[in-house]
Amino acid sequence: MRISPALLWLKAHVTGSVSARVKLSVRSPGNGLRFSTALVALHNRETRLTRQWRGGELSLTQLVDRSRRLTDLRQTLINVTSPTACARSHENLLIHVRDPHPRPATRGLAGSLESLLSKDRYRERVLSVLADAVWSGRLNALHTLRAEVLAAARISTGSEPPLTLTEAVASVFDALQARAPVGACLGVEWGVLRHLRTEMLTNREGPDGRVATNCLPHPDVVRDMERSASLPARLAPLAADAPPKPPRAMSMNLRWRPGESAS
C-alpha cells in the first residue's frame, strides 16, 4: 500500500521516522534538502546504535537486525541495488559500531561482535543476500548477476587454504544452488544460473575474462528450454509428409474427332 505524501511528512517530522524521511527523499529525487535530511537522520541513528551497543543496551541479535535495517535504508536512499554492495555496507557499519578501544564489558559480549566480523561470517552474509536476490527474481539479468558472482567470489580468494578465482566462483554457484527454495529447479532463475555457471567456468580466459554473456539465452528462452526438456522423451514421431498426388486424369469421349462439337 502506497502511503500518501502528507502522512509520510507527518511520520518524518512528528515521529522522527528515518524510514519516512528516506521514502520522502526517494519520491523527490531532485530535492537536495530532503536527501540531506534523510542522510543526516541515518547518520544520527547509526551513531545512536553504536552508543547503545557500546553501553551494553543491545544484544547481538538486536544489533544485527537494526544495523541491517539501517543499511537497507541507506542503500535505498543512494539508489544502490547490488546485493554484494549492500552486504559490504552492512559490514562497514558493523566495523564502525565495534569499539576500537574496548572497555571492560558488563556482559559476556566482548568477543561476540569480533566473531560476527570474521571473514567467514562476512562471506555468509554476502551469499545470503545474493541468494535472496537471485531466488526472489530480483536478480536475473546475466551481466548484473555475473558481476555480483565475481564480487562475492573475490571475498573468498584470500581464505585459508587460498582459492583460485575459478574455485571461488564455483563455490559461489554451489552456495547459491544449495540455498535454492523448494521447486526452484522449475523456474527461470535456475536455468539462468546454470547457463551462467557453464559460461564462466568454461571460459578459456577465466571467469573474469572477456565473455559472451550477451550470447546466452534470454531468460524467456531459458524458460522455454526448461519446459521443453520436461516433456516426455517418448513422444510419437510426426508422420513424414506424404508425396504429392498425381494430377487427376480427365475423362474424354473416345469417339470425338477434331472439328466435331464436344456437345
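Every residue gets a number counted from 1 within its own chain, in the order that chain's sequence is written. Where totals are concerned, whole chains, interfaces and linings use all residues; where local detail is concerned, this predicted model gives features only for residues with pLDDT of at least 70, and gives and counts side-chain atom pairs only at 80 or more. The side-chain figures draw on all heavy atoms in the structure; neither hydrogens nor water molecules are used.

Peer 1: So what exactly am I meant to see when it comes to helix α4 (residues 60–77) here?
Peer 2: Given a rise of 1.5 Å per residue, 18 residues ought to cover 26 Å, and the 26 Å separating the end C-alpha atoms of α4 matches this to within 8%. Relative accessibility under 20% of the residue-type maximum defines a buried residue, over 50% an exposed one, and the middle range a partly exposed one, all with a 1.4 Å probe and only protein chains included. Secondary structure elements follow DSSP: runs of H or I no shorter than four residues count as helices, runs of E no shorter than two count as strands, and numbering proceeds from the N terminus. Burial in α4 covers these residues: Leu63, Val64, Ser67, Leu70, Thr71, Leu73, Gln75 and Leu77. Phi turns positive one or two residues past the end of α4, at Asn79, with a value near 60°. Every helix has an expected span of 1.5 Å times one less than the residues it contains.

Peer 1: Where do I start with a nonpolar patch on the surface in this structure?
Peer 2: Judged by side-chain polarity, Leu7, Trp9, Leu10 and Val14 come together as a nonpolar surface patch covering roughly 400 Å² of accessible area. Considering the arrangement of structural elements, one finds Trp9 in helix α1 (residues 5–13). Overall, the relative accessible area of 42% leaves Trp9 in the partly exposed class. Only residues whose relative accessible area exceeds 30% and that take part in no salt bridge are eligible for patches, with like-charged residues grouped when within 9 Å of each other and nonpolar side chains (Val, Leu, Ile, Met, Phe, Trp, Tyr) grouped when within 5 Å. Surface accessibility follows the Shrake-Rupley procedure with a 1.4 Å probe radius. Residue values consider only the protein chains on display as shielding. Basic side-chain nitrogens of Lys or Arg form a salt bridge, by our definition, when they fall within 4 Å of a carboxyl oxygen of Asp or Glu.

Peer 1: Looking at this model, I keep getting lost on unusual backbone geometry. Mind explaining?
Peer 2: Negative phi values dominate among residues other than glycine, just as trans dominates among peptide bonds. The backbone phi angle of Asn79 is positive, close to 60°, even though this residue is not glycine. As for its position among the elements, Asn79 is in the loop between α4 and α5 (83–97). For Asn79, a relative accessible area of 64% gives the class exposed.

Peer 1: Help me understand the nonpolar core, please; the structure alone is not making it clear to me.
Peer 2: The tendency in soluble globular proteins is for nonpolar side chains to be buried as a group. Only buried residues count toward a nonpolar core. Its members are Ala, Val, Leu, Ile, Met, Phe, Trp, Tyr and Cys residues joined through side-chain atoms within 4.5 Å. The biggest cluster of nonpolar side chains holds 30 residues, and the ones touching the most others in it are Leu145, Val149, Val169 and Val172. Counting residues per element, the ones that place at least two in this core are α7 (119–135), α8 (142–156), α9 (165–178) and α10 (188–201). The element best represented in this core is α7, accounting for 8 residues. Residue contacts are counted whenever heavy atoms from the two residues lie within 4.5 Å of one another. Not counting chain neighbours up to four residues away, the residues in contact with Val172 comprise Arg123, Leu127, Leu130, Val149, Ala152 and Ala153. Of all hydrophobic cores here, the second largest spans 19 residues; its members include Leu58, Leu93, Val97 and Leu113.

Peer 1: Which parts of the structure should I look at to understand a positive patch on the surface?
Peer 2: Charge assignment: positive for Lys and Arg, negative for Asp and Glu; neither His nor the chain ends contribute. Lys charges are placed at NZ, Arg charges at CZ, Asp charges at CG and Glu charges at CD. A cluster of basic residues, Arg45, Arg48, Arg51, Arg66 and Arg69, forms a positive patch at the surface. Among the secondary structure elements, those contributing two or more residues to the positive patch are α3 (32–54) and α4. It is α3 that contributes the most residues to the positive patch, 3 residues altogether. Position of Arg48 among the secondary structure elements: in helix α3.

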